[in-house]
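The lines below spell out each chain.
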Amino acid sequence: MTQPSNTIDVSRPPLPPFDKDSAMAKVQAAEDAWNTRDPQKVSLAYTVDSEWRNRAEFVRGREAIVEFLTRKWDKELDYKLKKELWAYTDNRIAVRFEYEWHDDSGQWYRSYGNENWEFNEDGLMARRFASINDRPIDASERRL
């Protein structure tokens, strides 16, 4: 029997140290992955012991990331995300982002925030710190 993919660390290019092009590619890859809304797939970009702060919640490890993202996308329906490179250096990237989603009552929201990412030498994210604010919007105000 093979080992489950959520316990294996593999290289995840682009690798640090980052330049502008590789940092932009890393941000785009993260945006693309998160827009799949597939917790298992998204979790593979993180180290097995990755540390997160997401709003006021602290998460550690891929299994907890999968659980967190499953809860998130069960609540945040029709989620659509856009990320933008803010800054980079060596093995760190900062992004600003916005995403839109609606709850089960049909109320739409736009969520804004910033993330700070730290990568290991294999290009897997070891630390992710996210600050996020939500704003209710009308469906007619959607941009994404």
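So, here's what we can say about the structure. (Residues numbered from 1 in each chain as written. Predicted model: local features only at pLDDT ≥ 70, side-chain atom pairs only at ≥ 80, totals over all residues. Heavy atoms only, no water.)

## Structural notes on the sheet that holds strand β4 (residues 92–102)
Across the sheet, six strands lie side by side as β2-β1-β6-β5-β4-β3; this open sheet has mixed pairing. In the strand order of this sheet, the two ends are held by β2 (57–60) and β3 (77–89), each with one partner. Recorded for the sheet is a direction-independent mean angle of 20 degrees between the axes of neighbouring strands. Across 11 bridges, the pairing between β4 and strand β5 (residues 108–119) is antiparallel. Following the sheet pairing, Ile 93 is matched in β5 by Trp 117. Along the sheet, helix α1 (residues 20–34) makes contact with β1 (46–54), β3, β4, β5 and β6 (125–137), crossing β3 at roughly 165 degrees. Relative to β1, helix α3 (residues 62–75) is tilted by about 45 degrees, and along the sheet it contacts β1, β2, β3 and β4. (Pairing = 2+ DSSP bridges. Helix = DSSP H or I, 4+ residues; strand = E, 2+ residues; numbered from the N terminus. Axes fitted to C-alpha atoms, helices over the stretch in contact; angles between N-to-C directions. Contact = heavy atoms within 4.5 Å.)

## Side note on the packing of aromatic side chains
Scanning the model with the defined rule gives 10 aromatic pairs in all. An angle of 20 degrees between the planes, with centres 6.0 Å apart, marks the rings of Trp 34 and Trp 52 as stacked. Highlighted residues: Trp 34 in helix α1 and Trp 52 in strand β1, separated in sequence by 18 residues. Seen from their ring centres, Tyr 46 and Trp 52 are 5.1 Å apart, and the 65 degrees between their planes marks the pair as edge-to-face. Trp 52 carries the same exposure label as Tyr 46, and that label is buried. Put simply, the rings of Trp 34, Tyr 46, Trp 52, Phe 68, Trp 73, Tyr 79, Phe 97 and Tyr 99 pair up and form one aromatic cluster. The ring of Phe 97 carries Lys 83 above its face, with NZ or CZ at 5.2 Å from the centroid. In this structure, Arg 142 packs its charged tip against the face of Trp 108, placed 3.8 Å from the ring centre. (Phe/Tyr/Trp six-rings, centres within 6.5 Å; stacked < 30°, edge-to-face > 60°. Buried < 20%, exposed > 50% of the residue type's maximum accessible area, 1.4 Å probe, protein only. Lys NZ or Arg CZ within 6 Å of the ring centre and 35° of its normal.)

Everything listed is a geometric property; what it means functionally is a separate question.
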